[in-house]
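# Understanding the architecture of this molecule
Now for the letters of each chain:
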Amino acid sequence: KFLFQMGALDYITSNGISILIKIHKQIVKSNAVYAIYGFKSEVEDVLKLVGLFDKLPIFRNHHSAESFLLQVDVATKKSEETDFII
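Parameters and conventions
Chains are numbered independently. Their residues run from 1 in the order of the written sequence. The predicted origin of the model limits local features to residues at a pLDDT of at least 70 and limits the giving and counting of side-chain atom pairs to 80 or more, whereas totals for whole chains, interfaces and linings rest on all residues. Side-chain numbers here rest on the full set of heavy atoms in the structure, without hydrogens or water. Burial status follows relative accessibility: with a 1.4 Å probe on protein chains alone, a residue under 20% of its type maximum counts as buried, one over 50% as exposed, and anything between as partly exposed. Secondary structure elements follow DSSP: runs of H or I no shorter than four residues count as helices, runs of E no shorter than two count as strands, and numbering proceeds from the N terminus. The rule for pairing is simple: two strands pair if DSSP sees at least two bridges between them. With its strands directed away from the observer, a crossover is right-handed exactly when the path from the first strand over the helix to the second travels clockwise.

### Quick notes on the pairing of strand S2 (residues 34–37)
Judged by which residues are buried, S2 turns out to be covered on both faces: Tyr34 and Ile36 on one side and Ala35 and Tyr37 on the other are all buried. In the sheet, strand S1 (residues 2–5) pairs with S2 via four bridges, with the strands oriented parallel. When the sheet's bridge partners are listed, Phe4 is paired in S2 with Ile36. Taken together, S1, helix H1 (residues 14–29) and S2 form a β-α-β motif whose crossover is right-handed. Here S2 pairs with strand S3 (residues 58–59) via two bridges, running parallel. When the sheet's bridge partners are listed, Tyr37 is paired in S3 with Phe59.

Written out as structure tokens, the structure is:
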């Protein structure tokens, strides 16, 4: 399980978006689970514009992200929460 806090990220470029997609693919391939939280509104806007905000496990705060991770049983997880393809 991985928890990413992105509060220090002031902006995101196409390279940053590419890295998020690569991280997503690698974590899913490893049968792991992750959550991201703390994006600033400017970064959120960019992720919404490119269609990733609703496709990645992004949460508004630490508590929501952590709750999501605690609910997922990695041992039995297949790809049920990764129904989307990036």
